[in-house]
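Coordinate inspection notes
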Amino acid sequence: IDAVLMVGGSTRIPAVQRMLKKKFEGKPLLRSVNPDEAVALGAAIHAGILMEQRGLATSLPAPAAETLRNTRLQDVTNHGYGVIYVGQAYGQHRLRNMVMIRKNTPIPCSKTESFYTMAQGQTEVKCTLTQGDDVDAEFVNVIRECTLEVPPGRAEGCEIQITYSYDANERMSCVYKDVQSGRTQRIELERDRPVEVEAPEAPKVDFDEAGLDDLVI
């Protein structure tokens, strides 16, 4: 990295600029473009590429259409998404967060992991979709929950297969499957619908600019 291009209104904040300079070890911060216009131009280019791909850019001049065809953009996830499970920590069974899709993963993407029932005769599995990259379940946000009913009378250790998929339209699908019986539960998320996150009320604190030094980006 030779320099950091400042894009987005928040890059005008001096504390953010200092944080970025520290993060990138003193690399120069480029302010040669309007940070707000850069976001709008990027959105316009993205829209143009989608129109070209769908055959809707017929009114564009030939040079512009050719430029769009030769331009490649890579979308990434803006959050990490995981599932809560019971795992070992400090010699005890604790609720843990398994990150299925990490923040900044190129999309479209998909990942499958297997988990196993814990008790003999277990009849249901609680399926929890989380947002956040921490492995501790206390430090992630719960987005959606559902229950997968499984056949009774089985031994412990039955496989539950979980697949998270994130498509190019930023729609997310979470499938929870009992492998032996084939029963499934599904959670769907769409970008244009607000995500309701249940979070505990945090105490009010005074803003400490020095605390920004500890932020990780």
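Structure's up top.
This section reports on the structure supplied with the text. Computed from a predicted model, the values in this text were never measured in an experiment.

Examining the side chain of threonine 117
- Inspection of the secondary structure puts threonine 117 in the loop between β5 (109-116) and β6 (124-131).
- Since its relative accessible area comes to 8%, threonine 117 is described here as buried.
- In this view, threonine 117 contacts Gln122, Val125, Ala155, Glu156, Gly157, Cys158 and Ile160; residues no more than four positions away in its chain are not counted.

A few points about the sheet that holds strand β9 (residues 172-178)
- A sheet is described by the order of its strands in space; here four strands give the open sequence β5-β8-β9-β10, paired in antiparallel fashion. With one partner strand each, in any of the chains shown, β5 and β10 (184-189) form the two edges of the open sheet. Strand-to-strand twist across the sheet, computed as the mean angle between neighbouring axes with direction ignored, equals 15 degrees.
- With eight bridges connecting them, β5 and strand β8 (residues 159-166) associate as antiparallel partners. Following the sheet pairing, serine 110 is matched in β8 by serine 165.

Observations regarding the packing of aromatic side chains
- A full pass over the atoms with the stated rule returns three aromatic pairs.
- Measuring from centroid to centroid gives 6.1 Å for tyrosine 81 and tyrosine 166, while their planes differ by 45 degrees, and the two rings are tilted. Within this pair, whereas tyrosine 81 is found in strand β3 (residues 81-89), its partner tyrosine 166 is found in strand β8, the two being separated by 85 residues in sequence. Residue tyrosine 81 shares its accessibility class with tyrosine 166, and that shared class is buried.
- Centre to centre, the rings of tyrosine 85 and phenylalanine 115 are 5.6 Å apart; their planes meet at 50 degrees, and the pair counts as tilted. Residue tyrosine 85 is located in strand β3, and its partner phenylalanine 115 is located in strand β5; the two are separated by 30 residues in the primary sequence.
- Assessed through its relative accessible area of 27%, tyrosine 85 is described here as partly exposed.
- Phenylalanine 115 gets classed as buried once you look at its relative accessible area, which sits at 15%.

Scoring rules and cut-offs
- Residues numbered from 1 in each chain as written.
- Predicted model: local features only at pLDDT ≥ 70, side-chain atom pairs only at ≥ 80, totals over all residues.
- Heavy atoms only, no water.
- Helix = DSSP H or I, 4+ residues; strand = E, 2+ residues; numbered from the N terminus.
- Buried < 20%, exposed > 50% of the residue type's maximum accessible area, 1.4 Å probe, protein only.
- Contact = heavy atoms within 4.5 Å.
- Pairing = 2+ DSSP bridges.
- Axes fitted to C-alpha atoms, helices over the stretch in contact; angles between N-to-C directions.
- Phe/Tyr/Trp six-rings, centres within 6.5 Å; stacked < 30°, edge-to-face > 60°.

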